Amino acid sequence: MKRENTTSVPLSLTIGIMSLFFLGMSLGSITPAMNKLTEFYGAQGIPMTTVMYVTSLPQLTSVAGSLIAGVIAGKKLPFKTCGIFGILLILIGGIAPSLVTGFAALLATRMVFGVGFGFIMVLGNPLISSFYSGDAKAKILSVSTFVSFGGAVVMQLLCGVLTDIGLNYAYLTHLVAIPPLMLVITMLKEPPKVQAGSQGKKSGPLSGRVVFIAVIFGLVTMFVMPLYINLAIFVGQVNSLSTVAAVVQVLYSIGNMLGGLCFAVLYKCCKRFSMGISCLLMGSGLLIMLNASSLAPMCVAMLVSGFGYGGLMPASLMIAGQVSKPSQTALATSIVFTGMNVLGFLATPFADFIGGITGDPLSMPVATGMALIFIIGIFLLAVNPFPKKDLHS
């Protein structure tokens, strides 16, 4: 069966798919509150590296959600059902911390949030692979990255404002998930390509290149996460307002959006070098941040590093789709995001380990991550990560 091209994909379906992507970066929605959270729980004797699990623990539990969704989406259950279930968990787990007391209860609700996040984050790529191909696929992946980080911008700005009103209000940021839930219910439809593949023959083993890309993407995520999680603390050294931290955080997301939008152009011009260039940009952003002593260079640093990550994500998803058969795309996507989330979760013990060795739990994990991202970028310039043949073509 030939896949639909961009002219035959209904606008309502595209909006339904983009509604899933809108929540695709919601994992970092409460990072503007981290400075206040570390102060609040620090007064109770809980160390900063433990409070970091408020952001990183959902990454670990999202692995369960993404793997389950990767196996059942389009096969055991419709994509729409999986999307609705995931968004409901995001709403429940996201808002519940405003109603509970105690750090353990907070972590429990964040775990529920992570499972829901894992569900929705793996659904968009197989849907795109089913309805788009070739250059159209690269373009719509660029748009989806823009939408994902656009959602992050909205949630981070809202979180910053709500945190300055009161720490408990920060969690109400997740009410933003209600409109996407309504759009998924009314506009998303099942991809006939995946349905056909799920009813037919065995698709064979998954390409080892999917695991390779998952590890690369996951490592880069782990090395950039110490900055992303603790950005409010970096910004707090020059300005204590959570709203200001949210603005700087938003610039990272804007960089992600621009990197995603420019990915189609970058891929067209640079092809095999696009992933390596993205990593070098990320490393450059971290280098600028480490030398920043005021808000202006911090903003530049987040834009540059965000632009690099915004290009790396669609590249990773595109490769996963290219080396997988149509019926394997959901599982391949879940493996890529599993790599991102497992290694992203390990960013907290990574930062703790580097901080323990060096005595600097804030700057040295970022410096170490920067050096390792540069090494990965140079490696990807030397090794072509893209396949010669697209199994979706």
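Residues numbered from 1 in each chain as written. Predicted model: local features only at pLDDT ≥ 70, side-chain atom pairs only at ≥ 80, totals over all residues. Heavy atoms only, no water.

This part is about the overall build of the protein. Tallying secondary structure elements over the protein gives 17 helices and 0 strands in all. For the protein, whose C-alpha radius of gyration is 20 Å, the value lies close to the compact-globule estimate of 21 Å for 393 residues. The dimensions of the protein, computed from C-alpha atoms along their principal axes, are 60 × 45 × 30 Å. Expressed as a percentage of its 393 residues, the buried residues of the protein come to 58%. When contacts within the protein are restricted to residue pairs at least 6 apart in sequence, those whose partners lie at least 24 apart make up 86%. About 14,300 Å² of surface is accessible on the protein, with carbon and sulfur atoms providing 71% of the total. A distance of 19 Å separates the average location of the 20 positive side-chain charges in the protein from that of its 8 negative side-chain charges. (Helix = DSSP H or I, 4+ residues; strand = E, 2+ residues; numbered from the N terminus. Rg over C-alpha atoms; globule rule 2.2 N^0.38 Å. Buried < 20%, exposed > 50% of the residue type's maximum accessible area, 1.4 Å probe, protein only. Contact = heavy atoms within 4.5 Å. Areas by Shrake-Rupley, 256 points an atom, 1.4 Å probe, with all protein chains shown as cover. Lys, Arg positive; Asp, Glu negative; His and termini not counted. Charge placed at Lys NZ, Arg CZ, Asp CG, Glu CD.)

This part is about the packing of aromatic side chains. Using the criterion set out here, one finds 10 aromatic pairs in the structure. Seen from their ring centres, Phe-40 and Tyr-41 are 4.9 Å apart, and the 85° between their planes marks the pair as edge-to-face. Taking relative accessible area as the criterion, Tyr-41 reaches 7% and is therefore assigned buried. Here Phe-217 and Tyr-309 contribute two aromatic rings whose centre-to-centre distance is 5.5 Å and whose plane-to-plane angle is 25°, an arrangement assigned as stacked. Taken together, the residues span a long stretch of sequence, with Phe-217 in helix 11 (residues 208-236) and Tyr-309 in helix 14 (residues 295-322) at a distance of 92 residues. Accessibility expressed as a relative area gives 0% for Phe-217, which makes it buried. Following the ring pairs from residue to residue traces out a cluster consisting of Phe-40, Tyr-41 and Phe-103. Between Arg-110 and the ring centre of Phe-113, over which it is positioned, the NZ or CZ distance is 4.7 Å. (Phe/Tyr/Trp six-rings, centres within 6.5 Å; stacked < 30°, edge-to-face > 60°. Lys NZ or Arg CZ within 6 Å of the ring centre and 35° of its normal.)

It is worth spelling out the nonpolar core at this point. Residues Ile-17, Leu-37, Ile-87 and Met-313 are the most contacted members of the largest nonpolar core, which totals 119 residues. The leading source of residues in this core is helix 11, at 17 residues. Those residues in contact with Leu-37, other than ones at most four positions away along the chain, are Ile-30, Gly-42, Val-51, Val-54, Leu-167 and Tyr-171. (Core = buried A, V, L, I, M, F, W, Y, C linked by side-chain atoms within 4.5 Å.)

So, on to the side chain of Gln-59. Considering the arrangement of structural elements, one finds Gln-59 in helix 4 (residues 53-72). For Gln-59, a relative accessible area of 2% gives the class buried. Once residues lying within four places of it in the same chain are set aside, the contact partners of Gln-59 are Leu-27, Thr-221, Met-225, Met-340, Asn-341, Gly-344 and Phe-345.

This part is about helix 16 (residues 347-358). The end-to-end C-alpha separation of helix 16 is 16 Å, in line with the 16 Å expected for 12 residues at 1.5 Å each. Looking only at helix 16, the buried set comprises Ala-347, Thr-348, Phe-350, Ala-351, Ile-354 and Gly-355. For helix 16, the arc enclosing every buried residue in end-on projection is 160°, short of the 170-degree limit, so these residues lie on one face. Exposed positions of helix 16 whose direction lies more than 90 degrees from the buried face are Phe-353, Gly-356 and Ile-357. In this fold, the buried residues of helix 16 make contact with helix 3 (48-51), helix 4, helix 11, helix 15 (329-345) and helix 17 (363-382). Positive backbone phi, at 80°, marks Gly-359, one or two positions downstream of helix 16. (Expected span 1.5 Å × (residues − 1). Arc of directions from axis to C-beta.)

Across the interface, helix 12 (residues 242-270) lies against helix 13 (residues 274-290) with an axial gap of 9 Å and an inter-helix angle of 125°. Classified by the interaxial angle, the pair formed by helix 12 and helix 13 is oblique. In this structure, helix 12 uses Phe-263, Leu-266, Tyr-267 and Cys-270 to contact helix 13, whose residues at the interface are Ser-274, Ile-277 and Ser-278. The residue makeup of the contact of helix 12 with helix 13, split by class, is 5 nonpolar, 2 polar and no charged. (Axes fitted to C-alpha atoms, helices over the stretch in contact; angles between N-to-C directions. Parallel < 35°, antiparallel > 145°, perpendicular 65-115°, else oblique. Nonpolar A, V, L, I, M, F, W, Y, C, P; charged D, E, K, R; others polar.)

Looking now at the environment of Met-121. Inspection of the secondary structure puts Met-121 in helix 6 (residues 103-121). What makes Met-121 buried here is its relative accessible area of 6%. For Met-121 and Ser-66, which are 55 residues apart along the polypeptide, the C-alpha to C-alpha distance reads 7.0 Å. For Met-121, the contacting residues outside a window of four places in its chain are Thr-333, Phe-337, Met-340 and Asn-341.

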